[in-house]
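The residues making up each chain are set out below.
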Amino acid sequence: MNNSFDLTKILRPHILTLAPYSSARDEYTGHVGIFLDANENPYGSVTGENYNRYPDPYQAEIKQKLSPIKQVSPDRIFLGNGSDEPIDLLTRATCTPGHDHVIILPPTYGMYEVSASIHDVKIDKVSLTNDYQIDTEAVLNAVTPQTKIIWICSPNNPTGNVMQYDAIQTILENFSGLVVVDEAYIDFTDEPSWIQHLDKYPNLVVLQTFSKAWGLAGIRVGMCFASPELIRILNKIKPPYNISLPAQQALLEGLNGIEKKDKMVADILEQRDVLAEKLQSLPIVVKIHPTDANFLLVQFEDAKGVMDYLIRETIIVRDRSRVHLCEGCLRITIGTKEENEVLIESLKKFQPQNVIV
Ligand SMILES: Cc1ncc(COP(=O)(O)O)c(C=O)c1O
């Protein structure tokens with residue numbers, strides 16, 4: 001290990017010493033008969049649900065249930081309002097505005113850059129190679145004393161591929177800041193999660209989400225796995241009740257549905273193969289990039305024309321045609337069997353003259 005990682009040196013000094021907001025229920029753990037501490041409505045809620053009480057700020061029951069599923073202890077789990085929340089909190093906890101840097105590896109998920117920009121944090125970009133892998137040497141060469149985070153997305157959005165194990169390992173072992181591996185699409189690949197290496201690498205942070213395979217994008221819950229010390233810091237700087245009561249209730253129920261999640265993932269993977277094969281047979285398709293996620297990055301002869309045509313057909317895909325290394329590509333999420341069939345039938349009818357100029 002060539003790094004000298006020390007969490008106290010990576011955190012902004014005032015975050016280390018910050019006293020978090022403390023609710024009355026944080027301070028009292030005994031049996032409570034009457035809650036008169038939080039200015040809630042004692043009569044109930046307008047919906048008739050039990051929404052009149054604030055939720056558990058640390059989501060203890062969910063973490064107990066999630067711990068065996070993810071094979072990680074509850075004190076290594078942070079839950080956020082989507083994984084976009086830990087992306088924001090990690091940036092805020094470590095990067096001093098106008099001073100510190102993060103490294104991103106484009107083409108990749110946009111929120112690492114947006115979050116850094118919001119906080120006036122300098123973004124150093126190190127392009128992926130032409131086959132969408134990490135240029136390890138270039139990444140390590142881009143590190144400065146101000147670099148606090150290296151963001152790695154694997155499987156990567158929008159390219160769909162998994163980053164090589166050795167590259168991530170080399171970066172973890174040679175960089176003294178945080179290495180965040182965003183595994184939003186981990187359920188769609190056979191590659192193992194980096195969660196299993198948390199014990200070995202104190203600078204490793206793994207992000208996952210309930211928005212994709214679990215089908216819970218609407219309740220907004222993301223997961224962050226890291227050292228207990230870093231999880232304590234994230235808990236300290238998050239808004240106190242960041243996961244709403246209905247979201248916590250839905251999640252507790254959702255965690256009983258692993259078989260259903262696995263079945264949906266299997267169906268999506270089956271549909272992914274079918275869709276890729278059908279797309280490949282269309283003359284307007286130039287290339288389908290290999291994927292380990294629930295989407296395909298597809299290069300078209302006329303991506304802009306296809307995009308405009310699909311919008312007129314009321315089918316929305318993601319235009320990545322002007323993104324570095326994705327020129328001419330659209331990102332297509334795997335839909336249901338029926339949705340994919342409608343897409344293919346529409347694409348078969350695409351004529352270049354459909355292009356709006
Ligand atoms: C790589 C990646 N990370 C994180 C997210 C955000 O997920 P969440 O819904 O948990 O905020 C997305 C959403 O598309 C994503 O593609």
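Residues numbered from 1 in each chain as written. Predicted model: local features only at pLDDT ≥ 70, side-chain atom pairs only at ≥ 80, totals over all residues. Heavy atoms only, no water.

- Per an unreviewed UniProt entry, the protein chain goes by Histidinol-phosphate aminotransferase and derives from Dyadobacter fermentans.
- Taken from UniProt, the Subunit (unreviewed entry) comment for the protein chain reads in full: "Homodimer." (UniProt positions renumbered as here; feature names shortened; annotations may be inferred.)

## Describing the site of the ligand
Move 1: Near the ligand you find 13 residues, and of these Ser83, Asp182, Tyr185, Thr209 and Ser211 are the closest.
Move 2: Note that an oxygen atom of the ligand is positioned 2.8 Å from one of the side-chain N or O atoms of Asn157.
Move 3: The separation between an oxygen atom of the ligand and a polar side-chain atom of Ser211 is 2.7 Å.
Move 4: Protein chains shield 92% of the accessible area of the ligand, which is 400 Å² for the free molecule.
Move 5: Taken together, the residues that form the shell around the ligand break down as four nonpolar, five polar and four charged. (Near = heavy atom within 4 Å. Polar contact = N/O pair within 3.5 Å; in protein donor to acceptor, adjacent residues only side chain to side chain. Areas by Shrake-Rupley, 256 points an atom, 1.4 Å probe, with all protein chains shown as cover. Nonpolar A, V, L, I, M, F, W, Y, C, P; charged D, E, K, R; others polar.)

## Some points on the layout of surface pockets
Move 1: The calculated volume of the largest pocket comes to roughly 390 Å³.
Move 2: Ile69, Lys70, Ser193, Ile195 and Gln208 are, among the 19 residues lining the largest pocket, the residues nearest its centre.
Move 3: Of all the elements in the fold, those that place two or more residues in the lining of the largest pocket are helix H4 (60-70) and helix H11 (258-280).
Move 4: In terms of residues, the lining of the largest pocket owes the most to one element, H11, which gives three residues. (1 Å grid on protein atoms, 1.4 Å probe; cavity = no way out; pocket = protein on both sides within 12 Å on 5 of 7 lines; lining within 4 Å. Points joined across faces, edges and corners; volume = space filled by probe spheres on them. Helix = DSSP H or I, 4+ residues; strand = E, 2+ residues; numbered from the N terminus.)

## Focus: helix H6 (residues 111-118)
Move 1: Among the residues of H6, those classed as buried are Tyr112, Ser115 and Ala116. Seen along its axis, H6 keeps its buried residues to an arc of 100°; they face one direction.
Move 2: At its buried positions, H6 is contacted by helix H5 (84-94), strand E2 (101-104), strand E3 (122-125), strand E4 (147-153) and strand E5 (178-182).
Move 3: With its phi angle positive at about 55°, Asp120 sits one or two positions after the end of H6. (Buried < 20%, exposed > 50% of the residue type's maximum accessible area, 1.4 Å probe, protein only. Arc of directions from axis to C-beta. Contact = heavy atoms within 4.5 Å.)

## Looking at unusual backbone geometry
Move 1: Cis geometry is adopted by the peptide bond preceding Pro107, which originates at Pro106 and carries an omega value of 0°.
Move 2: Counting through the fold element by element, Pro107 comes out in the loop between E2 and H6.
Move 3: Phi is positive for Gln59, which is not a glycine, with a value near 50°.
Move 4: In this structure, Gln59 sits in the loop between helix H3 (24-27) and H4.
Move 5: Of note, the phi angle at Tyr132 is positive, near 65°, even though the residue is not glycine.
Move 6: Here Tyr132 is to be found in the loop between E3 and helix H7 (136-142).
Move 7: Take Tyr132: its relative accessible area is 5%, and that puts it in the buried class.

## A few points about the sheet that holds E4
Move 1: Ordered in space as E1-E7-E6-E5-E4-E2-E3, the seven strands form an open sheet in which the pairing is mixed. Here the strands that pair on one side only, and so sit at the sheet edges, are strand E1 (77-80) and E3. When strand polarity is set aside, the average angle formed by the axes of neighbouring strands in this sheet is 25°.
Move 2: Inspection of the sheet shows E2 paired to E3 by four bridges, in the parallel sense. Residue Ile104 lies in a different strand from E3, and its bridge partner there is Lys125.
Move 3: In the packing of helix H9 (residues 228-237) onto the sheet, the strands contacted are E1, E5, strand E6 (204-209) and strand E7 (222-225), and the crossing angle to E1 comes to about 30°. (Pairing = 2+ DSSP bridges. Axes fitted to C-alpha atoms, helices over the stretch in contact; angles between N-to-C directions.)

## Observations regarding the sheet that holds strand E10 (residues 318-319)
Move 1: The four strands lie next to each other as E8-E9-E11-E10, forming an open sheet whose pairing is antiparallel. Strands with a single pairing partner mark the edges of an open sheet, and in this sheet they are strand E8 (285-288) and E10.
Move 2: Bridge count between E8 and strand E9 (residues 295-300): three bridges; the pairing is antiparallel. Bridging from a neighbouring strand, Ile288 pairs with Val298 of E9.
Move 3: Helix-sheet contacts for H11 involve E8, E9 and strand E11 (329-333), and the interaxial angle to E9 is about 5°.

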